Amino acid sequence: MSDATHPILSQGETGAIPVHPLAEGEVEAFLARKRGPVRTFAAANRFTGKLGQVLAVPGASGAVEQVLLGLGAGRVDPSLFRTLAGKLPAGDYALAKLPKGIDAEQAALAFALGTYRFDRYKKHGEPIARLVAPKGVDAAAVTAMAHACALARDMVNTPANDMGPLQIETIAGEIAQKYGATLSVVRGDDLLKENYPAVHAVGRAAVPSRAPRMIEVTWGDPAHPVLALVGKGVVFDTGGLDIKPSAGMRLMKKDMGGAAHALALGRMVMEAGLPVRLVILTPVVENAIAGDAMRPGDVLQTRAGLTVEVGNTDAEGRLILADALTRAAELKPALTLDFATLTGAARIAMGPFVIPFWTSDDKLAGQIEAASKAVADPLWRLPLTEAYRDALDSDIADLKNDPDGWAQAGATTAALFLQRFAPSGEDIGPWAHFDVFAWNPKGRPGCPVGAEVQAIRAVFAMLRARFAR
């Protein structure tokens, strides 16, 4: 989705097709007020107001004259409007009313997200439905959020041959230029000189044109509190020498989803002008197989000075995040958030749509949970269980990356590993880790199969409240 076009309109409602959101208990009375053809059409199509029902009612000319949207009989969340966008023919639409309890901005954003199409390789061609921004909604702000989400989805959807380390660096540079931020990049063997040894170890087997790199974007007033956003950027994960089976490799183009999420969230923060000193840290590598690939049993150095025994080369994401989180700690952040497509265990525990997060700070957890509910961006806190911490112990190094002793708690032991490197201590704020999936495995209206942005809408809502001017 380019910045030139967007489904949210700032113009008035003249000529827009009205959309009538109706709960099941409202349908009969609504249709009783309408003329015969509308009642007949609704009856013929069995419109009862069931949740997610969309009925485009034609006028005398055959063109859509009005739309009925079913709200069901219970609580409605804003994601319903993604469904609406996915079912309507091209045209301009306006909500006749907002359902009770629905925030207008969230409804508009959901509609915008539902119009997303990835057409880099296969042109869809069909025009999309557009929505008049409801009264009181800042169309420009909603547009910016939708563009950021679309950027992340485009990045995740793009295969690794066209979304390598250089391309992510280029995108970071474009974002930095747009908002007057500073871009710093350490590449290849310079990672060793600049003390990012774990990033180098994971990415050194890639061909020179896809050399590993550490990308840092800095924006905002240095006097403001530091907000550090860290994103895992594995552009493709073969598993390394502990190679994945073909089925496990099929979607590994999305293993840079954490970096895409961090960049998208950072773009939202800069567009909104939040009073923070923003630093986006994205270690970007390809976990490739070659003669100098890291081996099971190798002991790696890290920026923090801790040594890590490699129990499995397919647990590489936490290694590169270790160096990035250590860099974040050096900045004494008021808040650190990391995003990563880190473990299959998270999907086993929560499925593809609910994103687990970990933090030791109860206040921050409460803020995240409240924002999650407010914007219908499902998150669930999991514990940093101390009983599992010894799974990180190594006989020959400070810790290991493969906690085989507690394999059934793989998502939590990964979080515990990251906590060893996360910012902590006096004058340093809390940290939270999000294990995102970044993918829709099953298509439905407004949510096509492919890349999905998760957690960052809730996190952005939390940040707006936490750093309110």
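Since the structure is predicted, the reported quantities are computational estimates derived from the model, not experimental observations.

Asks: Sorry, what's going on with the environment of E271 here?
Replies: Structurally, the position occupied by E271 is in helix 10 (residues 257-272). Once residues within four sequence positions are removed from consideration, E271 is found in contact with A144, K178 and Y179. At a separation of 2.6 Å, a polar atom in the side chain of E271 contacts the side chain of Y179.

Asks: Looking at this structure, I do not really get a nonpolar patch on the surface. What am I missing?
Replies: Taken together, the side chains of L241, I243 and I289 present a nonpolar region at the surface, about 260 Å² in accessible area. Tracing the backbone shows I243 in the loop between strand 10 (233-237) and helix 9 (246-249).

Asks: Looking at this structure, how should I read unusual backbone geometry?
Replies: Glycine aside, a negative phi is what most residues show, and trans is what most peptide bonds show. Positioned with a positive phi, K332 is a non-glycine residue whose angle comes to about 50°. Examined against the element boundaries, K332 turns out to sit in the loop between helix 11 (317-330) and strand 14 (335-340). Residue K332 is classed as exposed on the basis of its relative accessible area, which comes to 52%. Even without being glycine, A455 reaches a positive phi, approximately 80°.

Asks: Even after reading the chapter, I still don't get the packing of aromatic side chains, so can you show me in this structure?
Replies: Here a ring pair, both rings aromatic, is described through the centre-centre distance and the interplanar angle of the planes. For the structure on display, the rule yields four aromatic pairs. Taking 5.0 Å as the distance between ring centres and 15° as the angle between the ring planes, the aromatic pair formed by F339 and F434 counts as stacked. In this pair, F339 sits in strand 14 while F434 sits in strand 18 (residues 431-435), placing the two residues 95 residues apart along the sequence. On the basis of relative accessible area, F339 is assigned to the buried category, the value being 0%. Accessibility expressed as a relative area gives 0% for F434, which makes it buried. An aromatic cluster of at least three residues, connected via ring pairs, comprises F339, F357 and F434.

Asks: Would you take a moment to explain the pairing of strand 10 for this structure?
Replies: Side-chain positions along a regular strand alternate between the two faces of the sheet. Within strand 10, five of the five residues are buried, leaving the element largely enclosed by the surrounding structure. The sheet contact formed by strand 10 and strand 11 (residues 277-287) spans four bridges and is parallel. Note on strand 11: the bridge partner recorded for V234 is V285.

Asks: How should the packing of helix 11 against helix 14 (residues 410-419) be read in this particular structure?
Replies: Axis angle and axis distance: for two packed helices, these are the angle between their axes and the distance between the axes, and together they describe the pair. Running from amino to carboxyl end, helix 11 crosses helix 14 at an angle of 30°, the nearest separation of the two axes being 9 Å. As judged from the angle between their axes, helix 11 and helix 14 are roughly parallel. For helix 11 against helix 14, the interelement crossing comes out right-handed. Facing helix 11, whose interface residues are R318, L319, L321, A322 and L325, helix 14 presents A414, F417 and L418.

Asks: Explain helix 5 (residues 139-157) to me, please; I cannot follow it from the model alone.
Replies: One turn of the α-helix equals 3.6 residues, which is why residues spaced by three or four share an orientation. For helix 5, spanning 19 residues, the distance from its first C-alpha to its last is 26 Å, which sits close to the expected 27 Å at 1.5 Å a residue. Within helix 5, 17 of the 19 residues are buried, which leaves it mostly tucked inside the rest of the structure. N-capping of helix 5 is provided by D138, with a side-chain oxygen placed 3.1 Å from the backbone N of A140.

Asks: Help me understand the state of the cysteines in this model?
Replies: Disulfide: a covalent bond connecting the sulfur atoms of a pair of cysteines. Taken as a whole and judged by the stated rule, the model has zero disulfides. Considering cysteine sulfurs only, C447 is the nearest to C149, which forms no disulfide, with 12 Å between them.

Asks: What should I look at first to understand the environment of E105 in this one?
Replies: Tracing the backbone shows E105 in helix 4 (residues 104-114). Owing to a relative accessible area of 17%, E105 belongs among the buried residues under this scheme. The sequence separation of E105 and P134 amounts to 29 residues, and the corresponding C-alpha distance is 7.7 Å. A distance of 2.9 Å separates the side chain of E105 from the side chain of R464, its partner in a polar contact.

Asks: Is there a simple way to explain helix 10 in this structure?
Replies: With 16 residues, helix 10 should cover 22 Å at 1.5 Å per step; its first-to-last C-alpha distance of 23 Å lies within 8% of that length. The buried count for helix 10 comes to 14 of 16 residues, which makes it a mostly enclosed element. Phi for G273, located one or two positions after helix 10, is positive at around 65°.

Asks: In this structure, what is going on with the sheet that holds strand 13 (residues 307-309)? I would like to understand it.
Replies: What holds strands together in a sheet is hydrogen bonding between their backbones, with the strands either parallel or antiparallel. An order of 12-13-17 is seen for the three strands of this open sheet, with the pairing classed as mixed. Whereas interior strands pair on both sides, the edge strands pair on one side only; in this sheet they are strand 12 (299-301) and strand 17 (399-400).

Asks: Would you mind showing me how to read the environment of V230 here?
Replies: Along the chain, the position of V230 falls in strand 9 (residues 226-231). The sequence separation of V230 and A465 amounts to 235 residues, and the corresponding C-alpha distance is 20 Å. Setting aside residues up to four positions removed in sequence, V230 forms contacts with A262, L281, L321, A324, L325, A328, T336, L337, D338 and F339.

About the cut-offs
- Residues numbered from 1 in each chain as written.
- Predicted model: local features only at pLDDT ≥ 70, side-chain atom pairs only at ≥ 80, totals over all residues.
- Heavy atoms only, no water.
- Helix = DSSP H or I, 4+ residues; strand = E, 2+ residues; numbered from the N terminus.
- Contact = heavy atoms within 4.5 Å.
- Polar contact = N/O pair within 3.5 Å; in protein donor to acceptor, adjacent residues only side chain to side chain.
- Patch = residues over 30% accessible without salt bridge, like charges linked within 9 Å, V, L, I, M, F, W, Y side chains within 5 Å.
- Areas by Shrake-Rupley, 256 points an atom, 1.4 Å probe, with all protein chains shown as cover.
- Salt bridge = Lys/Arg side-chain N within 4 Å of Asp/Glu carboxyl O.
- Buried < 20%, exposed > 50% of the residue type's maximum accessible area, 1.4 Å probe, protein only.
- Phe/Tyr/Trp six-rings, centres within 6.5 Å; stacked < 30°, edge-to-face > 60°.
- Pairing = 2+ DSSP bridges.
- Axes fitted to C-alpha atoms, helices over the stretch in contact; angles between N-to-C directions.
- Parallel < 35°, antiparallel > 145°, perpendicular 65-115°, else oblique.
- Left-handed = near helix turned anticlockwise from the far one by under 90°.
- Expected span 1.5 Å × (residues − 1).
- Disulfide = S-S within 2.5 Å.

Take it as geometry only, folks, not as evidence of what the structure does.
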